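Single-letter residue listing:
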Amino acid sequence: MSLTKRILLAMVLGLLVGGMVNVASTEGWLGATFGHWLDQFMVNGLFDAVGRIFVASLKLLVVPLVFVSLVCGTSSLGDNSRMGVMAGKTIALYLMTTAIAISLALMMGSLIRPGDGIDLAVASNFTAKAAPSLKDVVVNIFPSNPIQAMADGNMLQVIVFSLLMGLAVSKSGEAGRRITSFFEDMNEVIMKMVTILMNFAPYGVFCLLAKLFAGLGISVIMDLALYFFTVVFVLLLHGLGVYTLIFRLFTGLSPVMFLQKLRAVMVFAFSTSSSGATMPVTLRTVEKRLGVDNRVASFTVPLGATINMDGTAIMQGVATAFIAQAYNIDLGLNGYMLVVLTATLASIGTAGVPGVGLIMLTMVLDQVGLPVEGIGLIIGVDRLLDMMRTVVNVTGDSMVSSVVGNSEGMLDKDVFNDKDAGLADMEDDTDAVKA
Ligand code: ASP
């Protein structure tokens, strides 16, 4: 079986096993001793440990990968005027798709009206953490200590430092060329690490999902069904509709092929709920499977994993409409425009880790004068929605990377159209790992 199929199978099995454990233990079918054993040693023991090791091993790769790959990309871009154009296009597209996402979410939220007649008393306690101000977000992009930035995993700062380093390398003549070849070799090696770790993904994905669904009470969805399904509907509309349209329009390539090649990335995003942790896999897939040149992908993918959060913006849009309806507050057109603006900007400050979307939602609610406690109403279903919106987040990163790559003449169409591209070296490693 191919690696992608095994990862998909692991996802389904993880969901089933987790769901079964959940139902069996809530119904009391397991008996005290076996139930305790299952909970103690399997769900919160083995599954939890393997899942956490899997996420840690992905995160481990992020900083070295972004640094090495981006220095490589920028230094070989040479003509740095292209860098400016490419960066401009990338950021514009990221912001544009986010603004579309949130507008769509607000529109659907106002049409479906999931918040009408909600009983405010059911709100669980939610104490808001302070969201950073926009000024802080901007100032924080610039590092004062590159090692600190890497140690903290502050992606935007690492990106800025890597760009500067790449630029300097490209301008340093012979010395620069020596450094470039070192970075190129390092890039190969780190990509190989991504490939090796991907072979453990089926076990990691299974354990993460089994653990998560064993503890996730699906029944909470029922109380918030309309909100939940409105978010899911807009996520699907954006992921399958808007992205496919933009992709087709700008590249003329097959959106079906695009989505098919992203399957593994989507499962990673779904099971880790983190675009940051998924980033190594996204970058590998965008380069080796979709054919986007390293010079584009090394910039667009890490940047996207940090600032582009369309799925998160969709949750925030529907949540804002929902909370406004629940509290019977009319936002008016101005209010909605303000939400589009703040949520788009908030998505830049939303780090790609589980659950931060909710924290940034406080910033949006604050801006339009909605009660932040309203978040307590939706928090029950947020874990599951987080998984789904992260899938949209990483799909958006890959879509924009391909569009920018194509417009810069840096997307290899032969690689894109070859359905097996980038698979061969992965399967070799499977044998190596097995051996
Ligand atoms: N989990 C999301 C991501 O990493 C962010 C969020 O919406 O909380 O992309």
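Now for a quick tour of the structure. (Residues numbered from 1 in each chain as written. Predicted model: local features only at pLDDT ≥ 70, side-chain atom pairs only at ≥ 80, totals over all residues. Heavy atoms only, no water.)

1. Some points on the overall build of the chain
Scanning the chain from terminus to terminus reveals 21 helices and zero strands. Structurally, the chain occupies a C-alpha span of about 70 × 55 × 45 Å along its principal axes. For the chain, buried positions account for 53% of its 435 residues. Put simply, the chain shows about 18,600 Å² of open surface, and 66% of that area lies on carbon and sulfur atoms. Charged side chains of the chain number 26 positive and 32 negative; the gap between the two group centres comes to 5 Å. (Helix = DSSP H or I, 4+ residues; strand = E, 2+ residues; numbered from the N terminus. Buried < 20%, exposed > 50% of the residue type's maximum accessible area, 1.4 Å probe, protein only. Areas by Shrake-Rupley, 256 points an atom, 1.4 Å probe, with all protein chains shown as cover. Lys, Arg positive; Asp, Glu negative; His and termini not counted. Charge placed at Lys NZ, Arg CZ, Asp CG, Glu CD.)

2. Here we look at the site of the ligand
S275, T312, G357, D386 and R389 are the nearest of the 15 residues found near the ligand. Within the backbone of S273, one N or O atom sits 2.9 Å away from a nitrogen atom of the ligand. Contacts to the ligand include G357, whose backbone N or O atom sits 2.7 Å from an oxygen atom. Contact with the protein chains covers 100% of the free accessible surface of the ligand, which is 270 Å². Among the elements of the structure, α17 (356–367) and α19 (382–407) are those that each provide at least two residues to the shell around the ligand. The element that contributes the greatest number of residues to the shell around the ligand is α19, accounting for four residues. Among the residues making up the shell around the ligand, the classes are represented as four nonpolar, nine polar and two charged. (Near = heavy atom within 4 Å. Polar contact = N/O pair within 3.5 Å; in protein donor to acceptor, adjacent residues only side chain to side chain. Nonpolar A, V, L, I, M, F, W, Y, C, P; charged D, E, K, R; others polar.)

3. Describing the side chain of T395
For T395, the position within the fold is in helix α19. Here V391 takes part through its backbone oxygen, which lies 2.6 Å from a polar atom of the side chain of T395. Discounting residues that sit within four places of it in the chain, T395 has contacts with Y243, F258, L259, L262 and M266. (Contact = heavy atoms within 4.5 Å.)

4. Quick look at a nonpolar patch on the surface
A surface patch of nonpolar side chains, about 600 Å² in accessible area, is lined by M1, L9, V12, L13, L16 and M20. On the basis of relative accessibility, which here comes to 41%, the residue L9 falls in the partly exposed class. (Patch = residues over 30% accessible without salt bridge, like charges linked within 9 Å, V, L, I, M, F, W, Y side chains within 5 Å. Salt bridge = Lys/Arg side-chain N within 4 Å of Asp/Glu carboxyl O.)

5. As for unusual backbone geometry
Most peptide bonds adopt trans geometry, and most residues besides glycine take a negative phi value. If you check the backbone angles, S273 has positive phi at about 55° while not being a glycine. For S273, the position within the fold is in the loop between α12 (263–272) and α13 (275–289). A relative accessible area of 1% places S273 in the buried class. Positive phi, close to 60°, is recorded for N328, a residue that is not glycine. Mapped onto the secondary structure, N328 falls in the loop between α15 (310–326) and α16 (332–349).

6. Re the nonpolar core
If you look at the biggest cluster of nonpolar residues, it comprises 123 residues, and the most contacted ones within it are Y227 and L361. Of all the elements, helix α2 (residues 32–77) adds the most residues to this core, at 13 residues. In this structure Y227 touches P114, M315, V318, A319, F322, I378, V381 and L385, once residues within four positions along its chain are discounted. (Core = buried A, V, L, I, M, F, W, Y, C linked by side-chain atoms within 4.5 Å.)

7. Focus: the packing of α15 against α17
The contact between α15 and α17 brings their axes to 10 Å, and the two run at 50°. Comparing the axis directions of α15 and α17 gives the class oblique. Here α15 and α17 pass one another in a crossing that is right-handed. Here α15 contributes T312, M315, Q316, A319, T320 and I323 to the contact with α17, which in turn contributes G357, L358, M360, L361, V364 and L365. Of the residues in the contact of α15 with α17, the class split is eight nonpolar, four polar and no charged. (Axes fitted to C-alpha atoms, helices over the stretch in contact; angles between N-to-C directions. Parallel < 35°, antiparallel > 145°, perpendicular 65-115°, else oblique. Left-handed = near helix turned anticlockwise from the far one by under 90°.)

8. Structural notes on the packing of aromatic side chains
Counted by the stated rule, this structure contains ten aromatic pairs. On the basis of an interplanar angle of 85° and a centroid distance of 5.5 Å, the ring pair of F47 and F206 is categorised as edge-to-face. Of this pair, F47 sits in helix α2 while F206 is found in helix α8 (residues 201–215), placing the two residues 159 residues apart along the sequence. Taking the centre distance of 5.8 Å and the plane angle of 85° together, the rings of F182 and F183 count as edge-to-face. It is K261 that lies over the ring of F416; its NZ or CZ is 5.7 Å from the centre. (Phe/Tyr/Trp six-rings, centres within 6.5 Å; stacked < 30°, edge-to-face > 60°. Lys NZ or Arg CZ within 6 Å of the ring centre and 35° of its normal.)

Function cannot be inferred from these measures alone, as they are strictly geometric.
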